[in-house]
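Here are the chains, one letter per residue:
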Amino acid sequence: MKIVYVHHCGSTGGAGNSLYFLLSKLVLEHEIHIITQQGEMVDKFKLLTPHVYEIRGIPVLFTAENFGYIRTIFVNLKSFFYYKEVAKVVAIIREIGPDIVHLNEIGMFSLAKRVKQELRIPVVMHARTVPNRKYKLLLKLFTNQCNRFVDQLICITKSVAYQYPEILHKSVIYNPIQLDENEANRISAINYDSQVFKVLFLANFYKQKGVEETLKAIIELRANLNIQFVIIGSNIKSQAFFKSLFGRLLNLLNVYPDYENRMRKAIQEYELKNVTLLGQVRDIKSEIQNCHLLIAPMHLNGTPRSVFEAGIYGIPSILALYHKIDDLVEHEVNGLVINEKNYKELVNGIVCLERDRSKLKAFGEAAKEKYIQICAQDLAAREMNEVYLRLLAN
C-alpha cells in the first residue's frame, strides 16, 4: 500500500512524535511518503523514509479547548498565509498516486476537499486536540467538513471523540509509545517509599498546559521540602521574542506569557527550594524514572502524551479535565482526575499521594499495566491498518 501523510508542524512535539512512532511500524509494511512543514521534523522523518517533501506550511483551521478569542483568531489568520501551498501539496500527491492520504491534524479541510474532489483518494484525518466547547459555530463547521470530505476521523482519546458527537465516521486509536516488549521487561522499579517525593511537570509553557496552577502549587507547598517539583519544558517563544515590542505586548495580554521569567521571579521572591527547572531535556526517560508523580493540570479537557509516557514506567498522574470521563486516566484507579483551573485540588492530590505511598504504588502499577497494553506501537499500527484496508475495500 502506498500512503501519503501530510504533517502541519515543522517543530518537534506531540503530534510529530506520535506520527513518527506510528510510522516506524507502518513503514515495515507500506510505502510511506511524508509531506511536512520545514523544520526539525524533516530530518526525523527522513530516518524512516527517503520520500519526504518540504513545504512552507499548510492551512489548518484550528480550535482548542481554552484558546481565547484573540489567540484563536490569531492562529487561524496566520494559517491564511499558507493557502497557496495547497495546490503544491495536491500536485505532489497527484504525482505520487497513493492509495490513501492521511492528514495529521483536524482542520486541513481545504486540502481534504481537493484530495476528495479532484484526486478521488480516500482521506483519513487525525484529531489530536480537544476543540473548544464554547465555539459552537466552529464545531458545526468541523463536523460538516469532516462528514463531507473525510472518510475516517482518528481521535487520539475518548475525550477528543466526545466533542464530535455528530461526526459519522470516527474511531479512537491511542497514540503509540516507542517501547518494545524487551524494553518493557527491563523497566526499573520505582522506589515509591523514597523520603523525597518528586513531582514532575512535563510540557512546554503554554498557558493552557496549567503552568500557573503548577507554580501556585509549588508556592503553596514550599514549606514541605520532602516534596520536590521537577519542571521539564520551556517557553515556546525565544527570549528575543519576549524582549521585542510585539512579544512584550503578547506577554502583557497573556496570549504568549513569558513563564520562564515568571518562574524565575517567583523562585527569588519566595526563596523556593522545592523546584528544579530543567528546561528542554534530551533524555526524558531517565528524568521520568527519577520521579514519583506526574501532574497535568491542563485546561485542554484532554489527556497529554506525557501521561502515558510517564505511566509506562509506573508513574501515576493527576490530570485536570472539564468532562470527567474515564479514559487514559481512571480516577482512583491509575491516577486522580481533578477540576480544571483549581490549584487547591492539585495541591490536595499531591499531598494525598505523598502521604499514602501504598495508594501511589497501586496507581502506578495500574498505569503501567494499562498503558503498555493500549499504547503499544504494534496495536496502533494494526488498528490503523484495519482502517486503511476497510476504506480501500469500500
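Quick notes on the rules
- Residues numbered from 1 in each chain as written.
- Predicted model: local features only at pLDDT ≥ 70, side-chain atom pairs only at ≥ 80, totals over all residues.
- Heavy atoms only, no water.
- Phe/Tyr/Trp six-rings, centres within 6.5 Å; stacked < 30°, edge-to-face > 60°.
- Helix = DSSP H or I, 4+ residues; strand = E, 2+ residues; numbered from the N terminus.
- Buried < 20%, exposed > 50% of the residue type's maximum accessible area, 1.4 Å probe, protein only.
- Lys NZ or Arg CZ within 6 Å of the ring centre and 35° of its normal.
- Salt bridge = Lys/Arg side-chain N within 4 Å of Asp/Glu carboxyl O.
- Axes fitted to C-alpha atoms, helices over the stretch in contact; angles between N-to-C directions.
- Parallel < 35°, antiparallel > 145°, perpendicular 65-115°, else oblique.
- Contact = heavy atoms within 4.5 Å.
- Nonpolar A, V, L, I, M, F, W, Y, C, P; charged D, E, K, R; others polar.
- Pairing = 2+ DSSP bridges.
- Left-handed = near helix turned anticlockwise from the far one by under 90°.
- Expected span 1.5 Å × (residues − 1).
- Right-handed = clockwise from strand over helix to strand, strands pointing away.
- Patch = residues over 30% accessible without salt bridge, like charges linked within 9 Å, V, L, I, M, F, W, Y side chains within 5 Å.
- Areas by Shrake-Rupley, 256 points an atom, 1.4 Å probe, with all protein chains shown as cover.
- Core = buried A, V, L, I, M, F, W, Y, C linked by side-chain atoms within 4.5 Å.

Participant: Looking at this structure, how should I read the packing of aromatic side chains?
Facilitator: The way to describe two aromatic rings as a pair is by their centre distance and the angle between their planes. Inspection of every chain in the model, using the stated rule, returns six aromatic pairs. With 5.2 Å between their ring centres and 80° between their planes, Phe109 and Phe142 make a pair best called edge-to-face. Pair noted here: Phe109 is in helix α5 (residues 109-119) and Phe142 is in helix α6 (residues 136-149), with a separation of 33 residues, a long-range link. Judged by its relative accessible area of 3%, Phe109 is buried. On the accessibility criterion, Phe142 (1% relative accessible area) is buried. In this structure an aromatic cluster arises from ring pairing among Phe241, Phe242, Phe246 and Tyr256. When the ring centre of Tyr322 is taken as reference, the NZ or CZ atom of Arg133 above it lies at 3.3 Å.

Participant: Any chance you could explain the pattern of salt bridges here in plain terms?
Facilitator: When the charged atoms of two side chains with opposite charge come close together, those side chains can pair. Evaluated as defined, the whole model comprises 11 salt bridges. In this structure, Arg114 and Glu118 form a salt bridge, with 2.8 Å as the shortest nitrogen-oxygen distance. Here Arg114 and its partner Glu118 are both found in helix α5, four residues apart, which amounts to about one turn of the helix. For Glu118, a relative accessible area of 41% puts it in the partly exposed group. Between Glu309 and Arg305 there is a salt bridge whose closest N-O contact spans 2.9 Å. Of the two residues, Glu309 and Arg305 are both situated in helix α14 (residues 305-311); the distance of four residues between them amounts to about one turn of the helix. One network of salt bridges, with partners in common, ties together Arg94, Arg114 and Glu118.

Participant: How should the packing of helix α1 (residues 14-26) against helix α17 (residues 377-393) be read in this particular structure?
Facilitator: Packed helices, taken two at a time, are described by their axes: the angle between them and the distance between them. In contact at an axis separation of 9 Å, α1 and α17 are set at 75° when each is read in the N-to-C sense. The angle between α1 and α17 places the two elements in the roughly perpendicular class. Each of Phe21, Leu22, Ser24, Lys25 and Leu26 in α1 lies in contact with α17, whose residues at this interface are Gln377, Asp378, Ala380, Ala381, Met384, Asn385 and Tyr388. A class-by-class count of the residues in the contact of α1 with α17 yields seven nonpolar, three polar and two charged.

Participant: I would appreciate a short explanation of the sheet that holds strand β6 (residues 152-155) in the present structure.
Facilitator: In a beta sheet, neighbouring strands are held together by backbone hydrogen bonds and run either parallel or antiparallel to one another. A sheet is described by the order of its strands in space; here seven strands give the open sequence β3-β2-β1-β4-β5-β6-β7, paired in parallel fashion. The open sheet has two free edges, formed respectively by β3 (52-55) and β7 (170-172), since each of these has just one partner strand. Neighbouring strand axes in the sheet, compared pairwise and without regard to direction, differ in orientation by 20° on average. In this structure, β6 lies alongside β7, joined through three bridges in parallel fashion. Across the sheet, residue Leu153 finds its bridge partner in β7, namely Lys170.

Participant: Hey, could you run me through the packing of helix α9 (residues 211-220) against helix α15 (residues 343-355) in this one?
Facilitator: Close contact between α9 and α15 brings their axes to 9 Å; oriented N to C, the two are set at 55°. Comparing the axis directions of α9 and α15 gives the class oblique. The way α9 lies across α15 gives a crossing that is right-handed. Residue-level inspection shows Glu213, Thr214, Lys216, Ala217 and Glu220 of α9 in contact with α15, the latter providing Tyr343, Lys344, Leu346 and Val347. Of the residues that constitute the contact of α9 with α15, the class distribution is four nonpolar, one polar and four charged.

Participant: Can you walk me through α1 in this structure?
Facilitator: One full turn of an α-helix is made of 3.6 residues, so residues set three or four places apart face in the same direction. For α1, with 13 residues, the first-to-last C-alpha span of 18 Å sits near the 18 Å given by 1.5 Å per residue. Here α1 lies mainly inside the structure; 11 of its 13 residues are buried. On the buried face of α1, the contacting elements are β1 (2-7), β2 (31-37), α2 (40-46), α14 and α17.

Participant: Mind showing me how you'd approach the pairing of β6 here?
Facilitator: On a regular strand, each side chain points to the face opposite its neighbour's, so the side chains alternate between the two faces of the sheet. Alternating residues of β6 divide into Gln152 and Ile154 and Leu153 and Cys155, and every residue in both groups is buried. Both strand β5 (residues 123-127) and β6 contribute to a ladder of four bridges, which runs parallel. Its bridge partner lying in β6, His126 is registered against Ile154. One crossover worth recording links β5 to the parallel β6 by way of α6, and it is right-handed.

Participant: For this particular structure, what's the right way to read the environment of Val6?
Facilitator: One can find Val6 in strand β1. Under the relative-accessibility criterion, Val6 is labelled buried at 0%. Sequence spacing of Val6 and Val199 is 193 residues, and the spatial spacing of their C-alpha atoms is 36 Å. Sequence-distant contacts of Val6, that is, excluding residues within four places in its chain, are made with Ile35, Val89, His102, Leu103, Asn104, Met108 and Leu111.

Participant: Please explain a nonpolar patch on the surface as it appears in this structure.
Facilitator: On the surface, Tyr69, Ile73, Leu77, Phe80 and Tyr83 cluster together into a nonpolar patch covering about 580 Å² of accessible area. Within the element layout of this structure, Tyr83 appears in the loop between α3 (69-79) and α4 (85-96).

Participant: I tried to follow the nonpolar core on my own but got confused; where do I start?
Facilitator: Within the largest apolar cluster, 63 residues are counted, with the highest numbers of intra-cluster contacts made by Phe229, Ile295, Ile318 and Ile350. Aside from chain neighbours lying at most four places away, what touches Ile350 is Phe197, Val199, Leu221, Ile227, Phe229, Leu293, Ile295 and Ile318. Counting residues in each nonpolar core, the second largest holds 40 residues, with Ile106, Met108, Val115 and Cys155 among its members.

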